[in-house]
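Summary of the model geometry
Each chain, letter by letter, is given below.
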Amino acid sequence: MAEHFDAVDVIRTKRDKGELSEGQIDWVIDAYTRGVVADEQMSALAMAIFLNGMNRREIAQWTQAMINSGETMSFSSLSRPTADKHSTGGVGDKITLPLAPLVASFGVSVPQLSGRGLGHTGGTLDKLESIPGWQANLSNDRMMQMLEDPGCVICAAGSGLAPADKKLYALRDITSTVDCIPLIASSIMSKKIAEGTGALVLDVKVGSGAFMKTLDDARELAQTMVNLGTDAGVKTVALLTDMSTPLGKTVGNALEVRESLDVLAGGGPADVVELTCELAREMLNLAGVHDADVEEALKNGRAMDTWKSMIRAQGGDPDAPLPTAKHTETVYADADGVITELDALAIGVASWRLGAGRARKEDPVQAGAGIEILVDRGQKVTKGTPLFTLHSDDTDRFERALESLNQGWSIAPIDESVPTPRQSVVIEKIN
């Protein structure tokens, strides 16, 4: 006979720092998904987990229970190996755009089921929707066709994957339990494992513009996710990467697409190129393709050809002009000196206030809104040097955006200690 469980007992176990059994976890996730366990009960359990944590076995079981709440996909029918990448989100993080076609151009399929932006971190689908005609929603059949040719797809995840996660995520958002490593790790990994990829590279951001502000927290999250992937039979590695300043020179939707095209054309900002190439090498290695010259594939147009095929296959016109905002405003240096700070969070919030992001899931975003960053940290400037260009369709958004932006940059006299420019975006690798 099946064991009988009760929500109050499960909550009490975790409240009293106990370990949840396999049966308790399976039951509570299933019962919550079906509406048998109420939101207020799940909120209490989420807070108990937030305060008392979970061990590796509990997190693995919790993740598996979320996978079991919905359908799973399989790519075993494909003629090519699969590799995927997940970023924990940051400011100016447009890496998926050049990365997917770059990896696909070496014969590895890249299923990038992506999301929309919320708050100061941008969403990959919002960026791509600034391309005229491009569609985020695809049938599973169409997705499988694209994974054979051109070999990559960036699309919205179907609602059938880990529905328990969707329900729990919304609840965590309004109960201040988002910031919890077991719950973050299981949320990300339940979707990625359900998606069925053979290999997964995690880009775990650390710094002011990231979810994880300290190296220790980022390391713990990365290790937890690598363990979950490995325990589920997915080859998984993580890179810890710097998000103290934005990635690249643009934050916003069409602005970031334009910068991604520069990278695919063999140019683009050094940090974006570095991270794209590092992640591509890791993905290809896990998928069994070694010694790939990924830099050359960006320079010779191979990755760009794959990009254009991917955009066309989703109804987009890769050659159409990208939308631009109706209004711009430029910020200038107010003194001679050195740029000592370009804070990712302040710049991300400013871009969001210009219309590039949303406060609620149902809010529209402006395709052309955002910020161009015209200087680097550590760069010498003179009074009057342009530092940023703000883009928005609404001039009344500039004032609020500037309130945030102006807290995020500073200039110091040249004779003071000058910060060294960022040497590498990648801090360390976790296996």
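As the structure is a computational prediction, the values presented were derived from the model and not from experiment. (Residues numbered from 1 in each chain as written. Predicted model: local features only at pLDDT ≥ 70, side-chain atom pairs only at ≥ 80, totals over all residues. Heavy atoms only, no water.)

1. Some remarks on the overall build of the protein chain
Helix and strand counts for the protein chain stand at 16 helices and 13 strands. Seen through its C-alpha atoms, the protein chain measures out along the principal axes to roughly 75 × 45 × 40 Å. Here the protein chain, with 431 residues, has 55% of them falling under the buried criterion. In the protein chain, the share of contacts with a sequence separation of at least 24, taken over all contacts with a separation of at least 6, comes to 79%. (Helix = DSSP H or I, 4+ residues; strand = E, 2+ residues; numbered from the N terminus. Buried < 20%, exposed > 50% of the residue type's maximum accessible area, 1.4 Å probe, protein only. Contact = heavy atoms within 4.5 Å.)

2. Describing the pairing of strand β9 (residues 370-373)
Bridge count for strand β6 (residues 250-252) against β9 is 3 bridges, and the pairing is antiparallel. Within β9, the position partnered with glycine 252 by the bridge is glycine 370. Sheet topology note: the β9/strand β11 (residues 386-392) ladder contains 4 bridges and is antiparallel. Bridge pairing links isoleucine 373 to phenylalanine 388 in β11. (Pairing = 2+ DSSP bridges.)

3. Remarks on the packing of helix α3 (residues 39-52) against helix α8 (residues 163-174)
At a minimum axis separation of 10 Å, α3 and α8 run at an interaxial angle of 75°. When the axes of α3 and α8 are compared, the pair comes out roughly perpendicular. Within the contact between the two elements, α3 uses Asp39, Met42 and Ser43 and α8 uses Lys167, Leu168 and Leu171. Here the residues of the contact of α3 with α8 are counted per class, giving 3 nonpolar, 1 polar and 2 charged. (Axes fitted to C-alpha atoms, helices over the stretch in contact; angles between N-to-C directions. Parallel < 35°, antiparallel > 145°, perpendicular 65-115°, else oblique. Nonpolar A, V, L, I, M, F, W, Y, C, P; charged D, E, K, R; others polar.)

4. Description of the UniProt feature "domain: Pyrimidine nucleoside phosphorylase C-terminal" (unreviewed entry) in the protein chain
Mapped onto this numbering, the UniProt entry gives "domain: Pyrimidine nucleoside phosphorylase C-terminal" (unreviewed entry) at residues 338-412. Annotation note: span residues 338-412, helix share 28%, strand share 29%, distance between end C-alpha atoms 5 Å. (UniProt positions renumbered as here; feature names shortened; annotations may be inferred.)

5. Details of the sheet that holds strand β8 (residues 337-342)
Pairing is antiparallel across the open sheet formed by 3 strands, whose spatial order is β10-β8-β12. A single partner strand is all that each edge strand has here, and the edge strands are β10 (380-381) and β12 (409-412). Pairing between β8 and β12: 4 bridges, direction antiparallel. For leucine 342, the partnering residue across the bridge sits in β12 and is tryptophan 409.

6. Details of helix α9 (residues 181-195)
Helix length check: α9, at 15 residues, gives a terminal C-alpha distance of 21 Å against a target of 21 Å (1.5 Å per residue), a fit within 8%. One or two residues past the end of α9 sits glycine 196, with phi positive at roughly 90°. (Expected span 1.5 Å × (residues − 1).)

7. Describing the pattern of salt bridges
Tallied over the entire structure, the rule returns 23 salt bridges. Put simply, aspartate 394 and arginine 397 hold a salt bridge, and the shortest N to O gap is 2.9 Å. Among the charged side chains, a salt-bridge network with shared partners connects Asp84, Lys192 and Glu195. (Salt bridge = Lys/Arg side-chain N within 4 Å of Asp/Glu carboxyl O.)

8. Quick word on the domain arrangement of the protein chain
Assigned domains within the protein chain: domain 1 (83-173 + 196-319) and domain 2 (327-412). Distance between the C-alpha centres of domain 1 and domain 2: 24 Å. For the pair domain 1 and domain 2, the summed buried surface comes to about 1,800 Å²; carbon and sulfur atoms form 57% of the total. The interface formed by domain 1 and domain 2 includes 1 salt bridge. Across the pair aspartate 376 and lysine 249 runs a salt bridge whose closest N-O atoms are separated by 2.6 Å. Joining domain 1 to domain 2, the criterion identifies 11 residue pairs in polar contact (both at pLDDT 80 or more). Breaking the side of domain 1 that touches domain 2 down by element, the ones donating at least two residues are β6 and α11 (253-264). Class assignment for the residues of the side of domain 1 that touches domain 2 results in 7 nonpolar, 12 polar and 3 charged. (Domains from an automatic or database assignment. Buried area = accessible area lost by both parts, 1.4 Å probe. Polar contact = N/O pair within 3.5 Å; in protein donor to acceptor, adjacent residues only side chain to side chain.)

9. Quick notes on the sheet that holds strand β13 (residues 426-430)
Within the open sheet, the 4 strands sit side by side as β1-β4-β5-β13. Their pairing is mixed. Of all the strands in the sheet, the pair left with one neighbour each is β1 (83-87) and β13. For this sheet the average axis-to-axis angle between neighbouring strands, irrespective of direction, equals 20°. Bridging between strand β5 (residues 235-242) and β13 involves 4 bridges; their strand directions are antiparallel. The residue of β13 that forms the bridge with leucine 239 is lysine 429.

10. Quick notes on the side chain of glutamine 366
Examined against the element boundaries, glutamine 366 turns out to sit in the loop between α15 (344-356) and β9. Accessibility expressed as a relative area gives 11% for glutamine 366, which makes it buried. In terms of polar contacts, glutamine 366 uses its side chain to reach the backbone amide nitrogen of aspartate 393, at 2.9 Å. A distance of 2.9 Å separates a polar atom in the side chain of glutamine 366 from a polar atom in the side chain of aspartate 394. Once residues within four sequence positions are removed from consideration, glutamine 366 is found in contact with Asn253, Leu354, Gly355, Ala356, Ser392, Asp393, Asp394 and Arg397.

11. Concerning the nonpolar core
Grouped together as the largest cluster of nonpolar side chains are 135 residues, with contacts concentrated most on Trp62, Trp307, Phe388, Leu390 and Leu405. Viewed by domain, this core spans two of them, domain 1 (83-173 + 196-319) and domain 2 (327-412), each represented by three or more residues. Discounting chain neighbours no more than four positions away, the residues touching phenylalanine 388 are Glu329, Thr330, Val331, Leu342, Ile347, Ile371, Glu372, Ile373, Leu374, Leu405 and Trp409. (Core = buried A, V, L, I, M, F, W, Y, C linked by side-chain atoms within 4.5 Å.)

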